[in-house]
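Fold and contact review
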Amino acid sequence: MTGFADRWGGDLREFLDELLRFDTTDGQEAPAMAWLRERFEEFGFETYEWTADAAALAEHPSFPDDPAEIEVENRPSVAGVVEFGDPDAGPTLVLNGHVDVVPATRSAWSSDPFEPEWAGHRVTARGAADMKSGLVSCVFAARHLAELAAGADGPDLNGRVVVEGVAGEEEGGIGAAAAAMDNPYPFERDAAIIGEPTELGVVTAVEGSVMKRLRIEGRSAHAATRWRGESVLPHFEAIRHAFEELEAEREARVDHPLYEDYPVKWPVCVGTVRAGNWASAVPDELVAEVRIGVAPGETVASVEAEFQARLDEVVAESEWLSAHPPTFERFSIQFEPASVDPADPVVGAVRAAADEAGLESEPYGGTFGADSRHYQHAGIPTVLFGPGSIDQAHFPDESIDVREVETAGAVIADAAARFCGR
């Protein structure tokens, strides 16, 4: 949409700089959310706020079963709404971004992660790519569209645009799940665009994952007579090897047209392993944490069952494991995969706007999880489009070129105009 950067460039950079200064790790989103709500009110948006209910989330498959393990207190999510023409005669489009960020180890950064460092057009700060910049693109897309629609030569629109800043995406999507499960607005939602870092590409599918904790029991013995013990390490290696074989089988068997270019489509990652307690003793206990990829079209439960069955085969072949069966239980949060029909109107609107901007508009699949799954589950078609790269997410010296943020804002504004156009 022409004129976006000229109109909003300075304001957008100032807004992004200030938002990046909020440390929104570890459930500390509230001050940033209060600031965001104040900005929405200043822009003339109608504002809404909601806080997730831990008991309700505990019934959701993405979250732990114990409400005490879900941190929701003082973690609001906020939204600002812009209405056009006859809002009830047109669709409602949600533009969504999360405010929370993952922790940053200060010693790994060349500067303070929450003191943005600007070098020309590039800014370095925690959340620059994942995904405060995407949220800023959504905010200024709504502002731009509102200003254009108010002009005499502006687009003829009916409907609403809702800009959401949500809490707890990195912990399973706390704010988005709550909004999807219990609509915080007095109107229905027809579609959503989430500004995750897609390198200004159109993502119509996201991968899921299941987190599992493996516990193996052995028998301790003095290192000088280790033959009297039963080390957990060979049993773990047998299980790990079996999981690698299953990963390879799934790579060959589970297809999806948007994922064929990835070297590993549905990866299995043993992220942590802790075994033994003393160098001079046979290790008698091992705990490993495993992340298993889930393809769009699969369910977390079905993939979980595949790996449990393969574990059971290893156990059945071992006299020791048969007598001392390991446990393999879920922990933390789970991500169901999600996809939207490429022919859906919201996908068409984003693709047309991307084409107009000279960007690649062919949809592709993301190997990460996203809040889109919550909206998809609620029957709200959702596509991902935003500035920055997932390669920068969660990394030291995370950065983004602010010109991408401006481009994303212009494309999202154009997409919203196309979606809400009469």
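The preceding data block contains the structure.
Scope of this entry: the structure provided in the associated data block. Since the structure is predicted, the reported quantities are computational estimates derived from the model, not experimental observations.

What follows is about the overall build of the protein. When you go through the protein residue by residue, the secondary structure sums to 11 helices and 16 strands. When contacts within the protein are restricted to residue pairs at least 6 apart in sequence, long-range pairs at least 24 apart make up 81% of them. Here the protein carries 32 positive and 78 negative side-chain charges, and the mean point of each set is 4 Å from the other.

Let us look at the sheet that holds strand E12 (residues 327–330). Taken in spatial order, the four strands of this open sheet run E10-E11-E9-E12, and their pairing is antiparallel. Edge positions in the sheet fall to strand E10 (268–275) and E12, since each has one partner strand and no second. Looking at each pair of strands side by side, their axes are set apart by 20 degrees on average, direction ignored. Across seven bridges, E10 lies against strand E11 (residues 285–294) in antiparallel orientation. What sits directly across from Val 273, in E11, is Ala 288.

Our focus in this paragraph is the packing of aromatic side chains. Evaluation of the coordinates by the stated rule reveals 16 aromatic pairs. Ring geometry for Phe 22 against Trp 35: centres 5.7 Å apart, planes inclined by 45 degrees, an arrangement best described as tilted. One end of the pair, Phe 22, is in the loop between helix H1 (4–20) and helix H2 (30–42); the other, Trp 35, is in helix H2, and 13 residues separate them in sequence. In this pair, the class of Phe 22 matches that of Trp 35, namely buried. Through a chain of ring-to-ring contacts, three or more aromatic side chains come together here, namely Trp 8, Phe 15, Phe 22, Trp 35, Phe 40, Phe 43, Phe 45 and Phe 140. Sitting over the face of the ring of Trp 8, Arg 7 holds its NZ or CZ atom 4.0 Å from the ring centroid.

We now examine the sheet that holds strand E16 (residues 399–401). Reading across from one edge, E4-E5-E16 is the order of the three strands in this open sheet, with antiparallel pairing throughout. Of all the strands in the sheet, just strand E4 (117–119) and E16 have a single pairing partner and so form its edges. Averaged over all pairs of adjacent strands, the angle between their axes in this sheet comes to 20 degrees, without regard to strand direction. In this sheet, strand E5 (residues 122–124) lies alongside E4 in antiparallel orientation, the contact comprising three bridges. Across the sheet, residue Ala 119 finds its bridge partner in E5, namely Arg 122. Contacts from helix H11 (residues 402–420) reach E4 and E16 within the one sheet, and its direction differs from that of E16 by about 60 degrees.

Going from Asp 130 to Met 131, the amide bond is cis rather than trans, its omega being -20 degrees. Among the secondary structure elements, Met 131 is positioned in the loop between E5 and helix H4 (132–150). Phi at His 394 takes a positive value of approximately 70 degrees, unusual for a residue other than glycine. Along the chain, the position of His 394 falls in the loop between strand E15 (382–384) and E16. Its relative accessible area of 41% is what places His 394 among the partly exposed residues.

Turning to the nonpolar core, a few remarks are in order. Membership of the largest hydrophobic core comes to 60 residues, with the highest contact counts inside it found for Leu 95, Val 163, Ile 193 and Phe 385. The dominant element in this core, judged by the number of residues it contributes, is H11, at 12 residues. Aside from chain neighbours lying at most four places away, what touches Ile 193 is Leu 93, Val 94, Leu 95, Asn 96, Val 346, Val 350, Val 383, Phe 385 and Ala 415.

Taken N-terminus to C-terminus, the directions of H4 and H11 make an angle of 50 degrees; their axes are 8 Å apart at the nearest point. Judged by the angle between their axes, H4 and H11 are oblique. Crossing of H4 over H11 shows right-handed handedness. On H11, the residues touching Ser 133, Val 136, Ser 137, Cys 138, Ala 141, His 144 and Leu 145 of H4 are Val 405, Ala 408, Gly 409, Ile 412, Ala 413, Ala 416 and Ala 417. Within the contact of H4 with H11, the residues separate by chemical class into 10 nonpolar, four polar and no charged.

Turning to the pattern of salt bridges, a few remarks are in order. Two side chains that carry opposite charge are able to pair once their charged atoms sit near each other. Evaluation of the coordinates by the stated rule reveals 29 salt bridges. Note that Glu 244 is salt-bridged to Arg 240, the shortest N-O span being 2.7 Å. A residue pair is termed a helical-turn pair when its members lie 3 or 4 positions apart in one helix, as Glu 244 and Arg 240 do in helix H6 (residues 233–253) at four residues. With a relative accessible area of 38%, Glu 244 lands in the partly exposed category. On the basis of relative accessible area, Arg 240 is assigned to the partly exposed category, the value being 28%. Between Glu 251 and Lys 265 there is a salt bridge whose closest N-O contact spans 3.5 Å. With a gap of 14 residues between them, Glu 251 in helix H6 and Lys 265 in the loop between H6 and E10 connect regions that are remote in the sequence. Overall, Lys 265 belongs to the buried group, its relative accessible area being 6%. Here the salt bridges share partners, and the residues they tie into one network are Arg 250, Arg 253, Glu 298 and Glu 306.

This brings us to helix H9 (residues 345–356). Given a rise of 1.5 Å per residue, 12 residues ought to cover 16 Å, and the 16 Å separating the end C-alpha atoms of H9 matches this to within 8%. Every buried residue belonging to H9 is among Val 346, Val 347, Ala 349, Val 350, Ala 353 and Ala 354, and all of these are buried. Angularly, the buried residues of H9 cover 160 degrees about the axis, an arc narrow enough to put them on a single face. Seen from the buried face of H9, the exposed residues on the opposite side, beyond 90 degrees, are Pro 345 and Glu 356. The inward-facing, buried residues of H9 contact strand E3 (92–98), strand E7 (191–194), strand E8 (203–206), E15 and H11. The N-terminus of H9 is capped by Asp 344, whose side-chain oxygen sits 3.1 Å from the backbone nitrogen of Val 346. Two residues or fewer after H9 comes Gly 358, characterised by a positive phi angle close to 80 degrees.

Basis of the calculations
- Residues numbered from 1 in each chain as written.
- Predicted model: local features only at pLDDT ≥ 70, side-chain atom pairs only at ≥ 80, totals over all residues.
- Heavy atoms only, no water.
- Helix = DSSP H or I, 4+ residues; strand = E, 2+ residues; numbered from the N terminus.
- Contact = heavy atoms within 4.5 Å.
- Lys, Arg positive; Asp, Glu negative; His and termini not counted.
- Charge placed at Lys NZ, Arg CZ, Asp CG, Glu CD.
- Pairing = 2+ DSSP bridges.
- Axes fitted to C-alpha atoms, helices over the stretch in contact; angles between N-to-C directions.
- Phe/Tyr/Trp six-rings, centres within 6.5 Å; stacked < 30°, edge-to-face > 60°.
- Buried < 20%, exposed > 50% of the residue type's maximum accessible area, 1.4 Å probe, protein only.
- Lys NZ or Arg CZ within 6 Å of the ring centre and 35° of its normal.
- Core = buried A, V, L, I, M, F, W, Y, C linked by side-chain atoms within 4.5 Å.
- Parallel < 35°, antiparallel > 145°, perpendicular 65-115°, else oblique.
- Left-handed = near helix turned anticlockwise from the far one by under 90°.
- Nonpolar A, V, L, I, M, F, W, Y, C, P; charged D, E, K, R; others polar.
- Salt bridge = Lys/Arg side-chain N within 4 Å of Asp/Glu carboxyl O.
- Expected span 1.5 Å × (residues − 1).
- Arc of directions from axis to C-beta.
- Polar contact = N/O pair within 3.5 Å; in protein donor to acceptor, adjacent residues only side chain to side chain.

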